[in-house]
Amino acid sequence: MRVVLLGPPGAGKGTQAVRIAQEADIPHIATGDMFRQAVREETSLGLEVKRYLDAGRLVPDEVTVGIVRERLARPDCREGFILDGFPRTVPQAEALDGVLAGLGMKLDRVVSLVVGTEALVRRLAGRRVCGGCGTSFHVELNPPQEEGRCDRCGGVLVQRDDDREETVRERLAVYERQTAPLVDYYRRHGLLVEVDGEQPPDAVTRAIRQAVGNGFPAGSGSGGIESRQ
Ligand code: ADP
Ligand code: ADP
Ligand code: ZN
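Residues numbered from 1 in each chain as written. Chains lettered and ligands numbered in written order. Predicted model: local features only at pLDDT ≥ 70, side-chain atom pairs only at ≥ 80, totals over all residues. Heavy atoms only, no water.

(A) Region of interest: the overall build of the protein. Check the secondary structure of the protein and you find 9 helices and 9 strands. For 229 residues, the compact-globule formula gives about 17 Å, and the C-alpha radius of gyration of the protein, at 17 Å, lands near that figure. Put simply, the protein has 229 residues, and 45% of those count as buried. Looking at the protein alone, contacts between residues at least 24 apart form 67% of all its contacts between residues at least 6 apart. Accessible surface, the protein as shown: approximately 11600 Å² in total, 47% of it carbon and sulfur. (Helix = DSSP H or I, 4+ residues; strand = E, 2+ residues; numbered from the N terminus. Rg over C-alpha atoms; globule rule 2.2 N^0.38 Å. Buried < 20%, exposed > 50% of the residue type's maximum accessible area, 1.4 Å probe, protein only. Contact = heavy atoms within 4.5 Å. Areas by Shrake-Rupley, 256 points an atom, 1.4 Å probe, with all protein chains shown as cover.)

What follows is the structure, encoded as C-alpha cells:
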C-alpha cells in the first residue's frame, strides 16, 4: 500500500496516518515531524529549515525532496508507506513520481481529507502534541486522559510554535496557494479519493480504509463517507 495523505494543516493527517500505518504495518513518513526533529537536534538540516517552520512557509523543494528520496529508498518502504505532509507542491509531486519510478514503484492512492476553515482553525488552536512520541491531542476535541500528559507514552504535551494564530493564518494561505493545486493534479492522475475529514476520528479512519481498500484484508474497510473521483 503506497499512499499519500493530503490535506490542509489541522485536517487530521497525522492522527489518521499513525492509525493506518500501525494497522497496515508500514512506515509513516511525515516531513513535518522529520523537520521538527532536525530542529530539536540542531542538525545542519534543522538549522537550515528552522526559519521556514517558524514563518509557516514551505521548506524549499530541493531540501524536502532530498530527505524523502533518502527515506523512501530504505528497505522498510518496500512493502508500502504512508506519506503525511508530502508532497505539498506540484514540483514535489512530480519529483515523487520520479523517485518512485527509480525504485520501480508507483502510488496506489491519494486520500484528500476535506475540512472547512472554521474547523481547521479550531483544531490548530487547541492542538497539543507529545514531546516524546509526537501524538496529537486536542484540549477539547480529543483530550488526553490526564491533562497535559500523553496517553501513549506519558510524555509532556506542548503547543507547537507554529500553531500560534498569526502563523496558522500564513500556513492556511500557503496551503491554498501551493498545496491545493495537488488535488487536481492527483485527480487528473486518477489517484484521488476525497474523504470527509469533519467526521469523528473513527469514522474518518473507516473511510480511509475503504478508500485504500486493497491494502487491507477483505471486509475490514466499511462505513464512512467517501467519494471516488
Ligand atoms: P494534521 O496532521 O493534518 O495537521 P492532526 O492530526 O495533528 O492534523 O490534527 C489536528 C488537531 O485536530 C489535533 O488537535 C487533533 O487531535 C484534532 N483532530 C484530528 N482529527 C480530528 C477529528 N476527526 N475530529 C476532531 N478533531 C480532530
Ligand atoms: P501540519 O501537520 O500542520 O500540516 P506539518 O507538520 O506537516 O504541518 O508541517 C510543518 C511545517 O514543516 C510546514 O509549515 C513547513 O514549514 C514544513 N514542511 C512540512 N512538510 C513540508 C513539505 N512537504 N514541503 C515543504 N515544507 C514542509
Ligand atoms: Zn507520547
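(B) Quick look at the coordination of the zinc ion (ligand 3). The protein atoms that coordinate the zinc ion (ligand 3) are Cys 130 (SG), Cys 133 (SG), Cys 150 (SG) and Cys 153 (SG), at distances of 2.3 to 2.4 Å. Counting residues between consecutive donors of the zinc ion (ligand 3) along the chain gives the motif C-x2-C-x16-C-x2-C. Here Cys 133, found in the loop between β5 (127-130) and β6 (136-138), pairs with Cys 150, found in the loop between β6 and β7 (157-158); they are 17 residues apart in sequence, far enough to count as distant. Among the residues examined, Cys 133 registers a relative accessible area of 34% and is labelled partly exposed. Note on Cys 150: relative accessible area 5%, which makes it buried. (Donors = N, O, S within 2.8 Å, 3.2 Å for Na, K, Ca; no water.)

(C) Just the site of ligand 1, in detail. Neighbouring ligand 1 are 19 residues, the closest being Lys 13, Thr 15, Arg 127, Ser 136 and Phe 137. Between ligand 1 and Pro 201, the relevant distance is 3.4 Å, taken from a nitrogen atom to a main-chain nitrogen or oxygen of the residue. In the complex, 93% of the free accessible area of ligand 1, which totals 560 Å², lies under the protein chains. Contributions of two or more residues to the shell around ligand 1 are made by α1 (13-24) and β6. Residue composition of the shell around ligand 1, by class: 7 nonpolar, 9 polar and 3 charged. (Near = heavy atom within 4 Å. Polar contact = N/O pair within 3.5 Å; in protein donor to acceptor, adjacent residues only side chain to side chain. Nonpolar A, V, L, I, M, F, W, Y, C, P; charged D, E, K, R; others polar.)

(D) Region of the structure containing the packing of aromatic side chains. A full pass over the atoms with the stated rule returns 1 aromatic pair. Arranged with centres 5.0 Å apart and planes meeting at 90°, the rings of Tyr 185 and Tyr 186 form a pair that is edge-to-face. Here Tyr 185 and Tyr 186 have matching classes, each one buried. (Phe/Tyr/Trp six-rings, centres within 6.5 Å; stacked < 30°, edge-to-face > 60°.)

(E) Main features of the pattern of salt bridges. As enumerated under the stated definition, the model contains 14 salt bridges in all. Asp 162 is the partner of Arg 160 in a salt bridge, and the nearest nitrogen-oxygen pair spans 2.9 Å. You'll find Arg 160 and Asp 162 in the same group, each marked buried. The partner of Asp 163 in a salt bridge is Arg 171, with the nearest N and O atoms 3.0 Å apart. Of the residues examined, Asp 163 reaches a relative accessible area of 2% and is grouped as buried. When salt bridges with common partners are traced through the structure, they connect Arg 127, Arg 160, Asp 162, Asp 163 and Arg 171 into a single cluster. (Salt bridge = Lys/Arg side-chain N within 4 Å of Asp/Glu carboxyl O.)

(F) Structural context of the nonpolar core. Ranked by size, the top nonpolar core spans 33 residues in total, and within it Leu 72, Phe 81, Leu 83, Leu 96, Leu 107, Val 110 and Tyr 186 carry the most contacts. Of all the secondary-structure elements, those providing two or more residues to this core are β1 (2-6), α2 (31-41), α3 (44-55), α4 (61-72), β3 (81-84), α5 (90-102) and α8 (181-188). Looking at this core, the element that brings in the most residues is α4, giving 5 residues. Sequence-distant contacts of Leu 72, that is, excluding residues within four places in its chain, are made with Ile 29, Cys 77, Phe 81, Leu 96, Val 99, Leu 100 and Leu 103. Ile 26, Val 111, Val 168 and Ile 208 belong to the second largest nonpolar core, which has 23 residues in total. (Core = buried A, V, L, I, M, F, W, Y, C linked by side-chain atoms within 4.5 Å.)

(G) Local environment of the site of ligand 2. By nearness alone, 20 residues border ligand 2, and Thr 31, Arg 36, Arg 57, Gly 85 and Arg 171 come closest of all. Separating an oxygen atom of ligand 2 from a side-chain N or O atom of Arg 160 is a distance of 3.2 Å. Out of a free accessible area of 550 Å², ligand 2 has 96% covered by protein chains. Taken together, the elements giving at least two residues each to the shell around ligand 2 come down to α2 and α3. No other element matches the 4 residues that α2 contributes to the shell around ligand 2.

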